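Listed below are the residues making up each chain.
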Amino acid sequence: MSYETVIGLEIHAELSTATKMYCGCPTSFGSEPNMHCCPICLAMPGTLPVLNKKAVEYAIKAGLAMNCSITDMGKQDRKNYFYPDLPKAYQISQLDTPICVNGYIDITPGGKTKRIRINRIHIEEDAGKLLHDAAGSSTLVDYNRGGTPLIEIVTEPDISSSEEARLFLESVKAILQYIEVSDCKMEQGSLRCDVNISVRKKGENKLGTRTEMKNINSFKAAVRAIDFESNRHIEEIEYGGKLIQETRRWDDAKGESFSMRGKEEAQDYRYFPDPDLVYIAVSDEMIAQIKNSLPELPAARKERYIGEYNLTPYDAEQITNSKHLADFFEECISCGATPKTVCNWLIGDIAKTLNEKNAEPADIPFSPAQLSKLIELIEKGTISNTAGKKVLSEMFEKARNPEEIVKELGLVQISDESALLRIITEVVSANPKSVEDYKAGKDKAIGYLIGQAMRATKGQGNPQIIAKLLKDELDKNI
Amino acid sequence: MNYYDLTAHEIHELLVKKEVTSVEVTNSVIERAEKTEPYIESYLERTFECAVNTARKVDEKIAKGEDISPLEGVPAALKDNLCTKGVKTTCASKMLENFVPCYDAFVVKKIKEQNSPVLGKLNMDEFAMGSSTETSYFKTTKNPYDINKVPGGSSGGCAAAVCAGSAVYALGSDTGGSIRQPASFCGVVGLKPTYGLVSRFGCVAFASSLDQIGPITRDVTDCANVLNSIVAHDELDSTSLDIPKVDYTKALTGDIRGMKIGIAADYIQDGINEDVKKAFLSAAETFKALGAQVGEYTMKAAKYALPAYYIISGAEASSNLARFDGIRYGYRSKKYEDLTELYKNTRSEGFGAEVKRRILVGTYALSAGYYDAYYKKAQKIRTVIINDFNEQFEKFDFIITPTTLSTAFSIGEKIENPLEMYLNDLCTVSVNIAGLPAISIPCGFDSGGMPIGLHIIGKALSEETILRAAYAFEQNTRFNKKRAIVKNKEGREI
Ligand SMILES: [Zn+2]
């Protein structure tokens with residue numbers, strides 16, 4: 001029996017406004033607990049919220065970048081529930097008038113374009129954080145994050161695999177970074193996602209029983225969680241188990257999901273319009289202004305790279321998925337480097353190193369000019385390709401100029417023909433057997449001789465020149 | 001002359017003429033408070049020393065020949081739901097028994113900017129929920145006209161203090177009648193401004209879409225002066241209106257010739273006390289005699305206003321009061337094993353019965369499956385009421401009703417019967433529902449000598465119109481001149 005998975009995502013992204021959603025406190029990450037708080041975000045009696053206009057602007061920017069329509073008169077609603085990290089005991093969110101609706105993002109799984117529809121994007125405020133002490137005897141609350149503006153992006157159930165989910169998440173992240181409304185740092189919690197998932201037999205119209213998974217903290221975790229959960233659903237169906245509609249918690253360390261609460265225990269949030277706030281009036285002029293301020297978005301940039309630089313769609317996507325990487329790429333080109341070569345370095349060795357270091361493109365320690373210089377050194381034959389990789393890894397350690405590293409490590413390639421010829425003559429006279437073999441038509445022998453010559457140059461000889469000189473030398477003796 | 005009996009504008013005149021000092025006035029009011037408080041119990045927290053310091057500053061200013069503003073040096077007091085920096089703000093609740101805000105409410109800042117000596121914080125119904133101050137966790141304030149009777153509520157402490165002479169004026173808050181009903185019961189003037197005219201920042205919220213802060217004073221002139229000092233746009237309140245500044249005292253011309261007055265006939269039929277009815281009808285005659293035209297009208301949704309009010313205010317309160325959870329400030333139960341118990345016990349022990357009743361009603365009205373039948377329907381009634389008023393104001397310049405259908409009732413008489421207590425708000429709630437301005441002014445006394453209030457309602461932002469009408473009425477009736485004679489249980493003047 002074959003099944004299809006139906007997935008919808010709810011993505012929370014923290015907006016990178018300077019101040020919180022409803023007060024003037026800074027949103028910066030990493031301060032001492034409760035240093036970025038005031039009577040308003042601590043919900044002291046009598047205090048009132050005033051909406052941060054920048055947050056609205058950022059949300060609209062995100063909506064426009066994701067092809068949404070913008071709501072001209074949105075309201076804000078209270079979502080009521082008790083928890084110590086929520087000082088007002090309600091979160092200000094948007095129930096039925098989200099600021100952006102009906103958008104989409106196109107992804108290209110397996111090279112084919114697929115449209116993932118976005119149901120809505122709404123604004124809401126983040127909660128604080130509970131800190132449990134090691135002994136487990138007490139719990140403290142840090143309200144620094146409380147009141148940070150968020151957008152929640154809700155997709156239609158258009159995603160059918162973990163791979164599509166990953167591509168979609170990467171697109172969302174790329175767009176948010178391009179338009180500079182969110183840092184999208186998952187490890188700092190500024191990008192989080194919940195997954196709604198169900199499976200059904202191929203060809204069936206009715207959706208299967210849906211579960212929602214929370215606590216997904218990375219794209220990799222999202223992929224794992226989706227694979228695990230869809231398999232769990234299929235197994236339950238195959239073996240006659242009973243799937244129930246419920247909320248589950250993803251435990252990434254264990255690689256399993258666990259039941260949190262069933263449908264019956266679902267909380268009644270008693271949403272109602274927040275009477276402390278007025279309608280969010282968005283004018284056509286404001287929308288037009290924000291639209292004009294949008295930068296070139298990842299999809300457009302990708303197309304441009306394919307057309308302008310002859311990159312393959314795959315390569316272009318790899319580069320443009322990160323604004324930082326794409327900017328880096330373009331700066332290298334303006335330094336004179338060949339696009340294809342820069343691309344190979346960026347999505348090859350550089351991506352691999354970043355991955356090993358668990359770092360982001362923004363963490364690349366050297367400049368585009370330095371990478372361009374490295375490429376130039378290789379292309380000019382000053383150093384070998386292999387030496388180039390060594391230099392790159394040094395550049396990751398210490399962001400120094402490649403020439404200095406080359407000099408320091410003595411990696412300059414010997415291309416001087418007279419110097420190389422001397423070595424070749426020695427190699428030829430020291431290996432009469434191989435010379436015999438070559439003359440007898442055993443072409444393999446030349447490989448051995450090149451190897452010997454390279455060894456004699458401590459690997460610094462230019463292999464192309466050595467091969468040419470060696471061949472000339474042997475042929476001369478025939 | 002007893003300075004504590006004077007109005008703010010009378011005191012201002014004496015200060016300007018240097019016939020009295022602010023310290024003398026302030027001390028006179030403090031002495032009066034010390035004498036009457038054992039019987040009236042309007043204060044929850046006294047800041048007398050601080051008030052005298054402010055008075056001294058004002059006197060120095062006067063001595064230097066500097067000009068003073070109308071409220072400068074005039075001692076005032078504040079309802080205890082208005083946050084005062086460094087001074088306890090309890091909302092008359094065990095929940096906030098020891099809560100000291102680190103900020104001043106917007107209106108408190110304004111009063112302090114005026115150099116009005118602040119005498120302290122006044123009793124109220126717990127979280128402003130009630131009509132008698134009997135739901136206060138701390139004490140019940142008594143009506144200065146008869147200490148066996150309630151002063152009204154929830155701003156009962158304000159009305160009683162202004163009436164008794166233990167504050168010249170006070171700031172209260174009005175969600176369904178909480179300024180006007182006690183003003184009526186205590187024979188003083190109480191104004192509920194248009195929603196959004198006065199910033200709510202720092203007023204501990206009961207029902208955000210209905211709450212407004214307003215003055216309780218001894219006459220209409222004082223009312224206009226206090227309003228002048230607290231009306232301003234506030235960026236910290238999203239619902240605060242940003243409109244051109246108005247001098248409300250300019251409206252006090254005494255001339256209402258040609259104005260059209262609507263009488264809400266619904267309120268002068270069933271259940272109205274005969275003395276109240278008589279005083280009300282005679283007030284209408286007074287207006288006629290002053291050259292106004294009087295016509296009757298029937299409110300379309302009159303009988304739905306009260307239930308809609310209790311649903312909307314309850315719903316908002318259930319959410320507004322959720323922050324009192326024992327986590328960050330305020331009361332926390334000593335008995336708890338886990339988080340749920342901490343919440344449950346804190347809120348069960350920290351809130352009084354009336355507050356819990358409203359939270360339950362509100363929570364129910366917002367619950368899944370009931371929202372449409374209650375909250376949504378109440379909002380529809382709200383729209384009907386707003387439209388009805390709009391229609392009336394095409395015909396009338398202002399509308400009059402009795403402020404309440406009876407005069408002050410006895411302590412303990414209604415506290416066990418919430419529904420009867422809620423009827424106190426019958427004439428006043430629709431004003432809050434529609435966000436309109438309304439004032440209660442004295443218009444007579446019942447056979448037992450208890451004050452009766454006249455309720456004047458205007459369209460949004462027509463404070464000038466209702467002040468003008470109130471002033472004309474006051475100038476021609478002088479009910480405001482009467483001062484309560486505070487008597488002890490044995491009936492002897494204290
Ligand atoms: Zn804050």
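Bear in mind that the values here come from a model prediction, so they are computed numbers and not experimental data. (Residues numbered from 1 in each chain as written. Chains lettered and ligands numbered in written order. Predicted model: local features only at pLDDT ≥ 70, side-chain atom pairs only at ≥ 80, totals over all residues. Heavy atoms only, no water.)

**Student:** How would you explain the overall build of chain A if you had to name every residue and give the values?
**Tutor:** Helices and strands together make up the secondary structure of chain A, namely 15 helices and 16 strands. Expected size for 478 residues packed as a compact globule is a radius of gyration near 23 Å; at 30 Å, chain A overshoots this value by more than 25%. Taken over the C-alpha atoms alone, chain A extends approximately 95 × 55 × 55 Å along its principal axes. Residues counted as buried form 51% of the 478 residues belonging to chain A. Across chain A, the fraction of contacts at a sequence separation of at least 24, relative to all contacts at a separation of at least 6, is 69%. Split by element, the accessible area of chain A, about 22,700 Å² in all, is 50% carbon and sulfur. (Helix = DSSP H or I, 4+ residues; strand = E, 2+ residues; numbered from the N terminus. Rg over C-alpha atoms; globule rule 2.2 N^0.38 Å. Buried < 20%, exposed > 50% of the residue type's maximum accessible area, 1.4 Å probe, protein only. Contact = heavy atoms within 4.5 Å. Areas by Shrake-Rupley, 256 points an atom, 1.4 Å probe, with all protein chains shown as cover.)

**Student:** Before we move on, can you summarise the pattern of salt bridges with the specific residues and values?
**Tutor:** All names here are of chain A. Inspection of the entire model under this criterion finds 60 salt bridges over all chains. Between arginine 145 and aspartate 126 there is a salt bridge, with its nearest N and O atoms 3.3 Å apart. In this pair, arginine 145 sits in the loop between strand E9 (139-142) and strand E10 (149-155) while aspartate 126 sits in the loop between strand E7 (114-125) and strand E8 (129-132), placing the two residues 19 residues apart along the sequence. Notably, a salt bridge pairs aspartate 327 with lysine 323, separated by 3.0 Å at the nearest N-O pair. (Salt bridge = Lys/Arg side-chain N within 4 Å of Asp/Glu carboxyl O.)

**Student:** An account of the interface of chain A and chain B is needed here, citing residue identities and associated values.
**Tutor:** Many descriptions give the size of an interface as the accessible area lost when the pieces come together. Each partner contributes to the interface: chain A provides 30 residues, whereas chain B provides 38 residues. Buried area between chain A and chain B, summed over both chains or domains, comes out near 2,700 Å², and the portion from carbon and sulfur atoms is 61%. The largest share of the area that chain A buries against chain B comes from Pro45(A), Phe82(A) and Arg270(A), three residues that together contribute 22% of it. Our enumeration of links across chain A and chain B arrives at one salt bridge. (Buried area = accessible area lost by both parts, 1.4 Å probe.)

**Student:** Pulling in residues and values, what's your account of the nonpolar core?
**Tutor:** Counting residues in hydrophobic clusters, the biggest one holds 163 residues, and the most contacted among them are Phe127(B), Phe287(B), Phe389(B), Ile400(B), Ile439(B), Leu454(B) and Ile456(B). The dominant element in this core, judged by the number of residues it contributes, is helix H9 (residues 302-320) of chain B, at nine residues. Among the nonpolar cores identified, the runner-up in size contains 98 residues, and Leu64(A), Met66(A), Ile216(A) and Trp345(A) belong to it. (Core = buried A, V, L, I, M, F, W, Y, C linked by side-chain atoms within 4.5 Å.)

**Student:** Summarise the domain arrangement of chain A; cite the residues concerned and give the values.
**Tutor:** For chain A, the domain assignment lists domain 1 (3-288), domain 2 (295-409) and domain 3 (417-475). Each of domain 1 of chain A and domain 3 of chain A was reduced to a C-alpha centroid, and the two centroids are 65 Å apart. (Domains from an automatic or database assignment.)

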